[in-house]
Amino acid sequence: SEETLAKRKRQTSFFFFFGFGFGLNMEFKLSDIAAILTGIGGDFEGGKYKVKYDPAGNYEVIYWLDENSELVTPKGGTRKNYTAYVLKERQVKSTFVTLPAILKLSTKEYGGFKYFGMFGGELAYRAKTLANETYYELRKYTTDSTFTASAPTGRNDGISINKDASLVPFRIGFNVGGGAEYRLGGSTSLFGSINFFTGLTNFMKKESDYMYYNGPKKDGDKEVYKFVKQNLKLNAVRINLGIMF
């Protein structure tokens, strides 16, 4: 049966990744303790995963790039001048424009400090998706059926994988956290918070159009590929620091 790339530990291993972001927020007070927080920001995020590699079991994750280093689907057509990569490990780097909608509940001020909790949602637009990766093997096709193989390992950086990301370039997520504000004077305050964010939508297409395994196999004159299923969702702990005016 077909395996799911992001769910089976024997197929894929995940690693942590540090990112950063910035933004401008506005608060609309509902009462002395409640406010709606919204605004706009930019988040630079990502993660790293290592795929299963089992040549003896006919399991290698492979994708192709053309002469311009663009992803190409292996469904028919020519292979000449294309390069196939047997994927080992991939670090995904994404850029999102974010629009939060958060309910913020604050205490009264004590000695200059106010404490708050917050929860709500976040809508984000995916602006760019790149990958840095290592591969087990590189196969440069000189004809449709002839290729030369590279040394066993190598690197391939700055690949655009936006075409294999979700067709809908928006992400919906849930955000919850808490923190504190310290009033410097007037309405100006320093604040800090820790939030947990979880994405509710798949970052990639459910089934890749470009990465395949266990193939190709022949069905008459037709080549049949098994494409990798994908279920990549972001979970993050965010540390936020800023100034309120």
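Above this text sits the structure in question.
Just so we're clear, the structure is a prediction, and the values are computed from it rather than from any experiment.

Caption draft 1: Broad picture of unusual backbone geometry. Located in the positive-phi region is S69, a residue other than glycine, with phi close to 60°. Within the element layout of this structure, S69 appears in the loop between β4 (62–65) and β5 (71–72). The phi dihedral of N81 falls on the positive side, at around 70°, and the residue is not glycine.

Caption draft 2: Just the pattern of salt bridges, in detail. The final tally for this structure, using the stated rule, is 15 salt bridges. Note that D43 and R238 form a salt bridge whose closest N and O atoms lie 3.6 Å from each other. Here D43, found in strand β3 (residues 34–51), pairs with R238, found in strand β14 (residues 235–244); they are 195 residues apart in sequence, far enough to count as distant. Exposure remark for R238: the relative accessible area of 14% places this residue in the buried category. E181 is the partner of K104 in a salt bridge, and the nearest nitrogen-oxygen pair spans 2.5 Å. In this pair, K104 sits in strand β6 (residues 83–106) while E181 sits in strand β10 (residues 170–185), placing the two residues 77 residues apart along the sequence. The two residues K104 and E181 agree in class, both being buried. Among the charged side chains, a salt-bridge network with shared partners connects D43, E45, E122, R171 and R238.

Caption draft 3: Expanded view of the pairing of β6. Bridging between β3 and β6 involves 15 bridges; their strand directions are antiparallel. Bridging across to β6, T38 finds its partner in A101. Where β4 lies against β6, four bridges are found, and the strand directions are antiparallel. Counted as the bridge partner of Y63 is Y85 from β6. Pairing between β6 and strand β7 (residues 113–141): 23 bridges, direction antiparallel. From the neighbouring strand, V92 faces β7, where its bridge partner is A131. The antiparallel hairpin formed by β6 and β7 contains six residues in its connecting segment, where G111 sits at a positive phi of about 60°.

Caption draft 4: Representation of the nonpolar core. Membership of the largest hydrophobic core comes to 25 residues, with the highest contact counts inside it found for V61, Y63, I161 and M211. Elements that contribute at least two residues to this core include exactly β3, β4, β6, β7 and β12 (207–219). Excluding residues that lie within four positions of it along the chain, I161 makes contacts with L71, R90, V92, T129, L130, A131 and M204.

Caption draft 5: Representation of the environment of L130 in the model. Within the secondary structure, L130 is located in strand β7. With a relative accessible area of 26%, L130 lands in the partly exposed category. Excluding anything up to four places from it in sequence, L130 contacts Q91, V92, K93, G158, I159, S160 and I161.

Caption draft 6: Structural view of the side chain of T134. With respect to the element layout, T134 can be found in strand β7. Using a relative accessible area of 18% as the deciding quantity, one classes T134 as buried. What T134 contacts, discounting residues up to four positions off in sequence, is L87, K88, E89, G154 and R155.

Caption draft 7: Looking closely at the environment of F119. As for its placement among the helices and strands, F119 is situated in strand β7. We classify F119 as partly exposed; its relative accessible area is 41%. Measuring from C-alpha to C-alpha, the distance between F119 and S166 comes to 26 Å, with 47 residues separating the pair along the chain. If we skip the residues at most four places from it in the chain, F119 touches I102, L103, F174, N175 and V176.

Thresholds applied
- Residues numbered from 1 in each chain as written.
- Predicted model: local features only at pLDDT ≥ 70, side-chain atom pairs only at ≥ 80, totals over all residues.
- Heavy atoms only, no water.
- Helix = DSSP H or I, 4+ residues; strand = E, 2+ residues; numbered from the N terminus.
- Salt bridge = Lys/Arg side-chain N within 4 Å of Asp/Glu carboxyl O.
- Buried < 20%, exposed > 50% of the residue type's maximum accessible area, 1.4 Å probe, protein only.
- Pairing = 2+ DSSP bridges.
- Core = buried A, V, L, I, M, F, W, Y, C linked by side-chain atoms within 4.5 Å.
- Contact = heavy atoms within 4.5 Å.

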